[in-house]
Amino acid sequence: MSGTYGLYVVRQTGIHRLHPLTKLVYVLVCLLIGWLIPGVWSPYIVLLIGVVPVALIARVLPEVIKNTIKTAIPFAISLIIVQGLFWTGGTIVRQLGPFSLKAEGLLFAIRGTGRIILAVSGFLLLNYTTRSDELMLALSQKGLPNSISYVVLSTLQVIPRFQRKANTILDAQRSRGLETEGSYLIRMRALMPLVVPLLLGSIVDIEERAIALEVRAFSREGAKTSLLVLHDTRFQRAIRWLLMLGAMAVIGWRFYLWLAPRLA
Amino acid sequence: MERLKRDFSTISLAMIPIAIAINIAVGQIVKALRLPLYLDSIGTVFVGAVAGPWVGALTGLLSNIIWAIIFGDVTNTVPYAPVAAAIGFLAGVFSKYGWFKVWWKAVLGGAITGVVASLLSAPITFYLFGGVVGTGMDIITAAFRSQGMSMLAANFLQGLATDPLDKAISFLIVYLILRALPDRYIDRFSRAEDVR
């Protein structure tokens, strides 16, 4: 984590240089297609065709794989247990003591895991290759209020400081003899002496931050100039439109698939 | 409209980043203490209480999105952003009726918010993730499922097992913080008269 830019990984690649909205639209369309097209393996196919090659070109594939696995494995385990073992009815593939593994539940678990892998890896790809300040600027230029960009970006700046603060308070209270290990009751009792100083200290800071903003004409109406300049090309704009048209076609087709048997 | 403009004052906008950072930092402390709670919406509840339902809802919404950006996990964050928004919104509504002035009303408001939160999360867990959240909580879902309960009902009960208690404690902590803060600081917020 590099503070201001979220998960951004600095690399000199064409993907990193693309306009933030191009990457945002691309990832969203990949997600939509993978989730909407019926079939157990469709999320995996979109992953292999849509996400993996782009991550490879952007030289962030190892990071994407590592962190996707970290999130997806607990989901996969839960899905196999909850859906595979407790599927009502269904064909039994294997008896495991008092439980039985059902084919339908397993297929459901495979598809669910694929959807999660696709969502997590697509999101990571966007975050590793796009600076959050550039993304927020791009969204502001499309009509997102400036105050929202301010809130998002300044939160990203504040959080590392807060995490340090939380650790400092934890150390300080422990060195004064606060028990933070032991039975449930002991740990519960440690909660307030840790939470209250953090909260009071930071709430008192709010006013100062507000004054600092006002002094810099934060609430002034009218256009604002940004130090960042985003590069967009006509080609990228065309690509974005094509992607969005494609997504709408998939939504329409999926809706037709859902509607047709109900009308017949 | 006039009211809304006052709610979204500079001080409210300066408060939202702090509130989101509080959500994340307290969530971390709870994890360090290995407590079976989340307490990851204390900041959101605080904003709802002192700046009204709409600022509270915005804080919850952004909190979950930023959580995803910081930790790189979209699964348990972005899809539940509407739930987080509802928590901030409800905190604002309860505050409007003075429920943050009496400790047991704050606890009750938190518990009600927890029930609403589990009602809203169950369909998200069910339709998006096939009924699991990828944590130890799934054991509860599996247990209800093995009793022949529908997946959606099992998800709702899994939420009920944790959310009302978690939100009741969060609301109580916000109540205590409001009592501990000098009036001078509370007066800066747009809904100060509701909590003082």
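Treat the numbers as computed from the prediction; the structure is a model and nothing was measured.

Points about the interface of chain A and chain B
Step number 1: The interface of chain A with chain B comprises 61 residues on the first partner and 62 residues on the second.
Step number 2: At the boundary of chain A with chain B, total buried surface from both sides reaches about 5500 Å², with 79% on carbon and sulfur atoms.
Step number 3: Applying the counting rule to chain A against chain B returns three salt bridges.
Step number 4: Here Glu207 of chain A and Arg188 of chain B are joined by a salt bridge, their closest N and O atoms 2.5 Å apart.
Step number 5: On inspection of chain A and its partner chain B, the count reaches eight residue pairs in polar contact (both at pLDDT 80 or more).
Step number 6: Looking at the side of chain A that touches chain B, the elements with two or more residues in it are α4 (61–86), α5 (103–129), α7 (146–175), α8 (184–189) and α9 (191–215) of chain A.
Step number 7: Residue contributions to the side of chain A that touches chain B peak at 17 residues, all from α9 of chain A.
Step number 8: Class assignment for the residues of the side of chain A that touches chain B results in 42 nonpolar, 13 polar and six charged.

Some thoughts on a nonpolar patch on the surface
Residues and elements named next belong to chain A.
Step number 1: Together, Ile65, Ile69, Ile73, Ile77 and Ile81 make up an exposed nonpolar region whose accessible area comes to about 430 Å².
Step number 2: If you trace the backbone, Ile69 turns up in helix α4.
Step number 3: Residue class for Ile69 comes out partly exposed when judged on its relative accessible area of 45%.

Re the nonpolar core
Step number 1: Among the nonpolar cores identified, the biggest contains 118 residues, and Leu199 of chain A together with Val26, Leu39, Phe46, Phe100, Ile173 and Leu178 of chain B are the most heavily contacted of them.
Step number 2: Top element by residues in this core is helix α2 (residues 10–32) of chain B. It accounts for 15 residues.
Step number 3: When residues of this core are assigned to domains, at least three map to each of domain 1 (13–130 + 233–263) and domain 2 (139–215) of chain A.
Step number 4: Aside from chain neighbours lying at most four places away, what touches Leu199 of chain A is Ile22, Val26, Ile42, Ile173 and Ile177 of chain B.
Step number 5: Membership of the second largest hydrophobic core comes to eight residues, among which are Leu21, Leu24, Leu135 and Leu137 of chain A.

Some details on the packing of aromatic side chains
Step number 1: This model, assessed by the stated rule, comprises twelve aromatic pairs over all chains.
Step number 2: Grouped by ring-pair contacts, the aromatic residues Phe94, Trp99, Phe100 and Phe171 of chain B constitute a single cluster.
Step number 3: Stacked on the ring of Phe162 of chain A, the Lys or Arg Lys165 of chain A has its end atom at 4.9 Å from the ring centre.
Step number 4: If you follow Arg184 of chain B out to its NZ or CZ, it ends over the ring of Tyr185 of chain B, 4.6 Å from the centre.

Brief notes about α7 of chain A
Given 3.6 residues to a turn, an α-helix orients residues that are three or four positions apart in the same direction.
Residue and element names in this part refer to chain A.
Step number 1: For α7, built from 30 residues, the straight-helix expectation of 44 Å at 1.5 Å per residue is met to within 8% by its first-to-last C-alpha distance of 44 Å.
Step number 2: The largest bend along α7 measures about 30 degrees and falls at Val158, with the proline Pro160 one to four residues further on.
Step number 3: Positive backbone phi, approximately 100 degrees, marks Gly177, located one or two places after α7.

Focus: the domain arrangement of chain A
Step number 1: According to the domain assignment, chain A contains domain 1 (13–130 + 233–263) and domain 2 (139–215).
Step number 2: Summarising the inter-unit geometry, the C-alpha centres of domain 1 of chain A and domain 2 of chain A are found 34 Å apart.

Overview of the packing of helix α2 (residues 20–36) of chain A against α5 of chain A
Residues and elements named next belong to chain A.
Step number 1: For the pair α2 and α5, interaxial distance at closest approach is 10 Å and the crossing angle is 175 degrees. In this view, α2 runs roughly antiparallel relative to α5, as classed from their interaxial angle. From α2, Lys23, Leu24, Val27, Cys30, Leu31, Gly34 and Trp35 reach across to α5, where they touch Arg115, Leu118, Ala119, Gly122, Phe123, Leu126 and Thr129.
Step number 2: Residue composition of the contact of α2 with α5, by class: nine nonpolar, three polar and two charged.

Cut-offs and rules
- Residues numbered from 1 in each chain as written.
- Chains lettered and ligands numbered in written order.
- Predicted model: local features only at pLDDT ≥ 70, side-chain atom pairs only at ≥ 80, totals over all residues.
- Heavy atoms only, no water.
- Contact = heavy atoms within 4.5 Å.
- Buried area = accessible area lost by both parts, 1.4 Å probe.
- Salt bridge = Lys/Arg side-chain N within 4 Å of Asp/Glu carboxyl O.
- Polar contact = N/O pair within 3.5 Å; in protein donor to acceptor, adjacent residues only side chain to side chain.
- Helix = DSSP H or I, 4+ residues; strand = E, 2+ residues; numbered from the N terminus.
- Nonpolar A, V, L, I, M, F, W, Y, C, P; charged D, E, K, R; others polar.
- Patch = residues over 30% accessible without salt bridge, like charges linked within 9 Å, V, L, I, M, F, W, Y side chains within 5 Å.
- Areas by Shrake-Rupley, 256 points an atom, 1.4 Å probe, with all protein chains shown as cover.
- Buried < 20%, exposed > 50% of the residue type's maximum accessible area, 1.4 Å probe, protein only.
- Core = buried A, V, L, I, M, F, W, Y, C linked by side-chain atoms within 4.5 Å.
- Domains from an automatic or database assignment.
- Phe/Tyr/Trp six-rings, centres within 6.5 Å; stacked < 30°, edge-to-face > 60°.
- Lys NZ or Arg CZ within 6 Å of the ring centre and 35° of its normal.
- Expected span 1.5 Å × (residues − 1).
- Bend = angle between axes of the 7 residues up to and from the residue.
- Axes fitted to C-alpha atoms, helices over the stretch in contact; angles between N-to-C directions.
- Parallel < 35°, antiparallel > 145°, perpendicular 65-115°, else oblique.

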